[in-house]
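Residue strings, one per chain:
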Amino acid sequence: MQVDAHQHFWRLADREGHWPPASLQALHRDFGPQDLAPHLHAAGVEATVLVQSLPSVADTRWMLSVAAQTPWVRGVVGWVDFKAADAAAQIDDLARDPLLKGLRPMLQDLSDTDWIADPACDAAARAMQRHGLVFDALVLPRHLRALHRFARRHPGLTLVIDHGAKPPVASGVIKPWLTDMAALATLPQVHCKVSGLLTEAGERRDGGALQPYVQTLWLLFGPTRLLWGSDWPVVNLACDYASWWAMAHDLVQRLYPSPQPDDIRALFGDNAARLYRLCPC
């Protein structure tokens, strides 16, 4: 089963005051299943993980309702305020829906770099573990050390770093991103998505610019802890779905050591299906 481990839907009516701004014409409209379906069909992708893009429990419930009506959306990564007094109770309630597979606090938008390392997040993390939910980490390189402290405190919580932690592809700088990612990769419960990289490349939107970062992720996490995602429709800022799908496959073919066929199947589907416990139906 080929799986897109990271895609979004949204309704502009729900997003007043939130990203994307009207100046981003490629994204400033509604996006739903009818928009993504043709791209999935063309690429042969059979299932997706729908990921939150608003800090809202109401948005999470809307995504769950969309997933319930869309057979190929096999899981939802939602949102809860981890520091709310009733965060654990909210997670217990949302987890009653079997389509909820994970949660994602929007760390990249928070001014406090160490927000996730605060013990006030621990009750929510424990609730996630009770329900077998995945923690999606939307982070920038500056958050990685705090994320490492959080992950070490919760070894039983499966964690996925979204978009490779958005390394500075545009500048070509690889440290200290590499050092901090290497520390996280030593923790066996930490995984990483090969997604969202092209929109970090600035004018360097080609495989050559991405290769050092993808190669680094391959060496750090290996074939069993990497997941491919489109980050659609955000990817439209850099290229279309088919182009990123083709570029990702080309990048994988250039990796060293060379991936085996089973490794490629794992990266483009099996790892996501296992990690998010996706129904193969």
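Predicted, not measured: the structure shown is a model, and the values here were computed from it. (Residues numbered from 1 in each chain as written. Predicted model: local features only at pLDDT ≥ 70, side-chain atom pairs only at ≥ 80, totals over all residues. Heavy atoms only, no water.)

**Student:** Describe the sheet that holds strand β6 (residues 159-161), with residues and values.
**Tutor:** Read across the sheet, 8 strands follow the order β1-β2-β3-β4-β5-β6-β7-β8 without closing on themselves; strand pairing throughout is parallel. Because the sheet does not close on itself, it has two edges, and the strands there are β1 (3-7) and β8 (226-228). Taking the axes of each pair of neighbouring strands and ignoring which way they run, one obtains an average angle of 25 degrees across the sheet. Note: strand β5 (residues 134-137) against β6, 3 bridges, orientation parallel. Residue pairing for β6: A137 is matched across the bridge by I161. Each of β5, β6 and β7 (190-194) is contacted by helix α5 (residues 144-153), which is oriented at about 165 degrees to β6, the strand it contacts most. (Pairing = 2+ DSSP bridges. Helix = DSSP H or I, 4+ residues; strand = E, 2+ residues; numbered from the N terminus. Axes fitted to C-alpha atoms, helices over the stretch in contact; angles between N-to-C directions. Contact = heavy atoms within 4.5 Å.)

**Student:** Kindly report on the packing of aromatic side chains, identifying the contributing residues and their values.
**Tutor:** Summed over all chains, the structure comprises 12 aromatic pairs. Note on F82 and F135: the rings are 5.6 Å apart at their centroids and 80 degrees apart in plane angle, and the pair reads as edge-to-face. Here F82, found in the loop between β3 (73-78) and α3 (87-94), pairs with F135, found in strand β5; they are 53 residues apart in sequence, far enough to count as distant. The same class applies to F82 as to F135, namely buried. On the numbers, 5.0 Å between centres and 45 degrees between planes, the contact of F135 with F150 is tilted. On the criterion of sequence distance, the pair formed by F135 in strand β5 and F150 in helix α5 is long-range, its members being 15 residues apart. F150 shares its class with F135; the two are buried. An aromatic cluster is present here, built from F9, W10, W19, F31, W72 and W232 joined pairwise through their rings. (Phe/Tyr/Trp six-rings, centres within 6.5 Å; stacked < 30°, edge-to-face > 60°. Buried < 20%, exposed > 50% of the residue type's maximum accessible area, 1.4 Å probe, protein only.)

**Student:** Please give an account of the packing of helix α7 (residues 207-221) against helix α8 (residues 241-253) that cites residues and values.
**Tutor:** Look at α7 against α8: their axes get within 10 Å of each other, and the N-to-C directions meet at 55 degrees. Classified by the interaxial angle, the pair formed by α7 and α8 is oblique. In terms of crossing hand, the pair formed by α7 and α8 is right-handed. Of the residues in α8, those in contact with G207, L210, Q211 and V214 of α7 are W244, M247 and L251. Residue classes in the contact of α7 with α8 are distributed as 5 nonpolar, 2 polar and no charged. (Parallel < 35°, antiparallel > 145°, perpendicular 65-115°, else oblique. Left-handed = near helix turned anticlockwise from the far one by under 90°. Nonpolar A, V, L, I, M, F, W, Y, C, P; charged D, E, K, R; others polar.)

**Student:** Can you break down unusual backbone geometry residue by residue, with the values?
**Tutor:** With the exception of glycine, most residues fall at negative phi, and the peptide bonds are largely trans. Between W19 and the following residue, P20, the backbone shows a cis peptide bond with an omega angle of 10 degrees. Looking at the secondary structure, you find P20 in the loop between β1 and α1 (33-43). Each neighbour pair has its own omega, and for W232 with P233 the value is 5 degrees, a cis peptide bond. Within the secondary structure, P233 is located in the loop between β8 and α8. Phi at R277 is positive, roughly 55 degrees, even though this residue is not glycine. Examined against the element boundaries, R277 turns out to sit in the segment after α9 (261-275). Judged by its relative accessible area of 40%, R277 is partly exposed.

**Student:** Describe the pairing of β3, naming the residues involved and giving the relevant values.
**Tutor:** Across a regular strand the side chains alternate sides, sitting on one face of the sheet and then on the other. Along β3, 6 of the 6 residues are buried, which leaves the element largely enclosed by surrounding structure. The sheet contact formed by strand β2 (residues 47-51) and β3 spans 4 bridges and is parallel. By the bridge assignment for β3, V51 is matched with V77. In this sheet, strand β4 (residues 100-103) lies alongside β3 in parallel orientation, the contact comprising 3 bridges. Directly across from G78, in β4, lies its bridge partner L103. In this fold, the crossover linking β3 to β4 by way of α3 has right-handed handedness. (Right-handed = clockwise from strand over helix to strand, strands pointing away.)

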